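Residues per chain, in single letters:
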Amino acid sequence: MSFKSILQDMKGDFGSISRKGFGLRSRSQRVVEDRSPAIVDALKQSCWANMPPELLRDVLMRIEASECAWPPRKNVVSCAGVCRNWREIMKDIVKNPEFSGKLTFPISLKQPGPRNSLIQCFIKRNRSNQTYHLYLSLNQATNDDGKFLLAAIKCRRATCTDYIISLNAEDVSKGSNTYIGKLRSNFLGTKFTVYDAQPPNGGALTTKCRSLRPGSMKRVSPRVPAGDYPVSNISYELNVLGSRGPRRMQCIMNAIPASAMDPEGVAPTQTEFLVSNVDSFPSIPFFRSKSARIDNSQSGSGLLTGQNDPMLVLKNKAPRWHEQLQCWCLNFNGRVTVASVKNFQLVASLENGEHENVIIQFGKVGKDVFTMDYQYPLSAFQAFAICLSSFDTKIACE
Amino acid sequence: MTSSKTIVLRSSDGATFEVDEAVALHSLMIKHRIETGGADSTTIDVPEVTGNTLSKVIEYCKKHVEAPNSDDLKSFDTDFVKVDQAVLCHLAKASYYMNIKGLLDLSSKTIADMFKGKTVEQIRETFHIKNDFTPEEEEELRKENSWNLFV
C-alpha cells in the first residue's frame, strides 16, 4: 500500500488507530503518536466496546458451551462480571440448573436441580470448628475434588441450635453479606425449620406481607429488609420399632407446592440475590411498613403457597430389612458406603402414594465425608439444610 | 481461470482492492449485493471495514476459495489469527458484517479462547472495557467473584 493510503487509513475509522502490532512502518507510527493519549485511549476502547451484539453473543455462547464443568466454568461467571452488557447476555445464555443440570452462578444454589438426574455433591465436616462445607463433585471416583458451594457453621444456643449457611467459605456469620439462610433446630433436635434469607419466589410474597406493590419492583437495585423466610419444616420420629428401627423423617416444603411434581409443574425459582438492608429504609418502597420482617419461628403452614395447592411433603424411603445381613438396607447406588443412622433417601409423598423417584439422598462415605445428591424440585441450599438436620438430630438408633 | 471477472471492493477509508469475483463471493454480503445490484456493479463499497482489515479479509477469502482442499489450510487459519487483539476484533467485526462464516467462526473462537483463564479485571484491562456497574452492584459482584474463584 502506498504511504498515502496508509495516511487515509489513519484518518479513517476509530478502531484502525489501535492496531499497534499490525506491522506499520515507523513513519506511520510517528503519525499515531502525534495524537493525544486521551483520544488514543478512547479509540482503543471503542473497538471492543462497539462489538455488534450478535457477535459478542456468539463469543460468549462459545465460552458457555465449552466450559461445561468446574473449574473451567468459572470463566462463564468471570465474563458475566465484566460489564453490564456482558452480564445481561451471559445471564440470558446460561440456563437454570433445572434445564441444564449445571451450577453456574451462586444463585444456581437457590434454584431447583434437574428433573431426571441427580446433582452429585459431598459435604465435609470439620468437628474442631463445627463447620460443614458443601462441594459439587468434580470426579465420580473421589470425594476430594470439588467446587465449593456453601458453608455452614453450627451455633448452639440456650433453647435451640442454629446452622448458619453462607456463600463464604471462611466467614460464615449471619451479619456477613454472604448469608444465605439457616437451619434452626428445637431443643431436642427432633424438629427443624429451614429459613431463607430472601423470599422464595424472588420477591413476590403472598399473604403475610402487607402492601407489596408489584409495580414497585425494579430490576436495578431491589431491596428487601433482612429477613428469615421459613421454607421447610423437618421432623424426625422414632418408627414403630422404637430405637431398634430406622427413624422416620419428614420434610414439609412450605415454599414448594405438591403440584411442582407434575410433569408441567413449577417450583419456585429465585433469579437473583436481593440486596438486603438491615438498617436503612429501602429506597425503592418494597414494603410500606418498616417492620415487614417475616420471622416465623413456629412451623409456617401453607402461607407461601396458594390456598388450594398443598405443600410438597418429602418422606424418607423406608429401608428394607436384610435377613441375611441382619441390617436395614437402602440402595444408594454406590454413593453411600458406610452404614450410619444419618443416611437417608427422601421421596415425594403425594395423594396418589409415594413416588419412587429419590429427590435427595445423603450418606456417609468416610470419617467426616458425606455424599449429598439432589434433584428437582429442591435447590442445593434446601438440600444442604435438610442434610445438616441429619447431623443434629438426637434420636438415638441402635 | 474460467472467469476473469473482477470486482473492486472499496473500504471505509477509500482504499480499493481488485479481486476475482469468485473470491469476493466468499462474502455472502457481497454476493447478495452483486445479485441484487445488477450486472453493472463492479465496485462494491464496504463502509464498515477499513482498508487494512479488508486487505486481510481478502487474503483469507483468496486462500479459502483458491485452495480449499490444501493440506496447509488449517495451519494457515491458525497463523492467520495470531494477531494483535485489536486486529482480531476488527477481523471478527468485518467477517460479521461481510457475512463470511468461516472467518467469523475462526475469529469468534479465537476471541473466546482469549477470554478464558482471565479474571474479570484482566478481561477489562486486556480488552479495554469499562466497568459500568454501580457501587451497589459491585458489592454483589465481589461476593460472586470470591465464591467463583474459591476452590
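Coordinates for the structure precede this section.
What you see is a predicted model, and the numbers here were worked out from it, not measured in a lab.

The rules behind the values
- Residues numbered from 1 in each chain as written.
- Chains lettered and ligands numbered in written order.
- Predicted model: local features only at pLDDT ≥ 70, side-chain atom pairs only at ≥ 80, totals over all residues.
- Heavy atoms only, no water.
- Helix = DSSP H or I, 4+ residues; strand = E, 2+ residues; numbered from the N terminus.
- Buried < 20%, exposed > 50% of the residue type's maximum accessible area, 1.4 Å probe, protein only.
- Contact = heavy atoms within 4.5 Å.
- Rg over C-alpha atoms; globule rule 2.2 N^0.38 Å.
- Areas by Shrake-Rupley, 256 points an atom, 1.4 Å probe, with all protein chains shown as cover.
- Buried area = accessible area lost by both parts, 1.4 Å probe.
- Salt bridge = Lys/Arg side-chain N within 4 Å of Asp/Glu carboxyl O.
- Axes fitted to C-alpha atoms, helices over the stretch in contact; angles between N-to-C directions.
- Parallel < 35°, antiparallel > 145°, perpendicular 65-115°, else oblique.
- Nonpolar A, V, L, I, M, F, W, Y, C, P; charged D, E, K, R; others polar.
- Pairing = 2+ DSSP bridges.
- Arc of directions from axis to C-beta.
- Core = buried A, V, L, I, M, F, W, Y, C linked by side-chain atoms within 4.5 Å.
- Left-handed = near helix turned anticlockwise from the far one by under 90°.

A tally of helices and strands in chain A yields 8 helices and 16 strands. Within chain A, the proportion of its 398 residues that are buried is 53%. The contacts in chain A between residues at least 6 apart in sequence include a share of 60% that link residues at least 24 apart.

Let's shift gears to the overall build of chain B. Counting its regular elements, chain B contains 8 helices and 3 strands. Scanning chain B from its N terminus toward the C terminus, one meets helices and strands in the order β-β-α-α-β-α-α-α-α-α-α. Against the compact-globule benchmark of 15 Å for 151 residues, chain B has a radius of gyration of 20 Å, which places it well outside the compact range. Seen along its three principal axes, the alpha-carbon backbone of chain B occupies a region of about 65 × 35 × 20 Å. Here chain B holds 151 residues, and 45% of them are scored as buried. Restricting the contact set of chain B to residue pairs at least 6 apart, pairs at least 24 apart contribute 54%. For chain B, the accessible area works out to roughly 7,500 Å², and carbon and sulfur atoms hold 52% of it.

Attention shifts here to the interface of chain B and chain A. How big an interface is tends to be reported as the loss of accessible area on association of its parts. Every contact between the two is made by 50 residues of chain B and, on the other side, 59 residues of chain A. For the pair chain B and chain A, the summed buried surface comes to about 5,100 Å²; carbon and sulfur atoms form 63% of the total. For the pair chain B and chain A, the number of links is 4 salt bridges. When the shortest N-O distance is used, the salt bridge between B:Lys116 and A:Glu67 registers 3.8 Å. Counting residues per element, the ones that place at least two in the side of chain B that touches chain A are helix H3 (51–66), helix H5 (85–97), helix H6 (101–115), helix H7 (120–127) and helix H8 (135–149) of chain B. In terms of residues, the side of chain B that touches chain A owes the most to one element, H8(B), which gives 10 residues.

All names here are of chain B. Put simply, H3 and helix H4 (residues 73–80) touch, their axes get as near as 11 Å, and they point 170° apart. Classified by the angle between their axes, H3 and H4 sit roughly antiparallel to one another. In this structure, H3 contributes Lys-56, Glu-59, Tyr-60, Lys-63 and His-64 to the contact, and H4 contributes Leu-73, Phe-76, Asp-77 and Phe-80. A per-class count over the contact of H3 with H4 returns 4 nonpolar, 1 polar and 4 charged.

With that settled, the discussion passes to the pairing of strand S11 (residues 311–316) of chain A. All names here are of chain A. Of the two faces of S11, only one is covered, namely that formed by Leu-312, Leu-314 and Asn-316; the face formed by Met-311, Val-313 and Lys-315 stays uncovered. Looking at chain direction, strand S9 (residues 248–257) and S11 are connected through 5 bridges and run antiparallel. Counted as the bridge partner of Ile-252 is Val-313 from S11. With 3 bridges joining them, S11 and strand S14 (residues 344–350) adopt antiparallel strand pairing. Bridge pairing links Lys-315 to Val-347 in S14.

All names here are of chain B. With mixed pairing, the 3 strands of this open sheet are ordered in space as S2-S1-S3. Edge positions in the sheet fall to strand S2 (16–20) and strand S3 (43–46), since each of these pairs with one other strand and no more. Within the sheet, the average angular offset between the axes of one strand and its neighbour, ignoring direction, is 30°. Both strand S1 (residues 6–11) and S3 contribute to a ladder of 4 bridges, which runs parallel. Bridge assignment links Arg-10 to a residue of S3, and that residue is Asp-45. Contacting S1 and S3, helix H2 (residues 28–37) runs over the sheet at an angle of about 135° to S3.

Here we come to H7(B). Along H7(B), the residues classified as buried are B:Val120, B:Ile123, B:Arg124 and B:Phe127. Within H7(B), the buried residues cover an arc of 95° as seen down the axis, which keeps them to one side.

With that settled, the discussion passes to the sheet that holds strand S3 (residues 146–156) of chain A. Residues and elements named next belong to chain A. A barrel is described by the order of its strands in space; here 12 strands give the closed sequence S1-S2-S3-S4-S5-S6-S8-S9-S11-S14-S15-S16, paired in antiparallel fashion. Averaged over all neighbouring strand pairs, the angle between strand axes comes to 25°, with direction disregarded. For S3 and strand S4 (residues 161–166), the ladder comprises 6 bridges, and the chain directions are antiparallel. Bridge pairing in S4 places Lys-154 opposite Tyr-163. Packing against the sheet, helix H8 (residues 380–392) makes contact with strand S1 (119–126), strand S2 (131–137), S3, S4, strand S5 (179–185), strand S6 (191–196), strand S8 (229–237), S9, S14, strand S15 (353–364) and strand S16 (369–374), and its axis sits at approximately 150° to S4.

Turning our attention to the nonpolar core. The nonpolar side chains of a soluble globular protein tend to be buried with one another. Counting 126 residues, the largest nonpolar core has A:Trp86, A:Met90, A:Ile123, A:Leu150, A:Tyr374, A:Phe384 and A:Ile386 as its most contacted members. For this core, the element with the highest residue contribution is H8(A), accounting for 9 residues. In this structure, A:Trp86 is in contact with A:Leu56, A:Leu60, A:Cys79, B:Phe115, B:Ile123 and B:Ile129, ignoring residues within four places of it in sequence.

With that settled, the discussion passes to the packing of H3(B) against H5(B). The relative placement of two packed helices comes down to the angle between their axes together with the axis-to-axis distance. Residue and element names in this part refer to chain B. Contact geometry of H3 with H5 gives a least axis separation of 10 Å together with a crossing angle of 70°. In this view, H3 runs roughly perpendicular relative to H5, as classed from their interaxial angle. For the pair H3 and H5, the sense of crossing is right-handed. Contacts from Thr-53, Lys-56 and Val-57 in H3 reach Val-87, His-90, Leu-91 and Ala-94 in H5.

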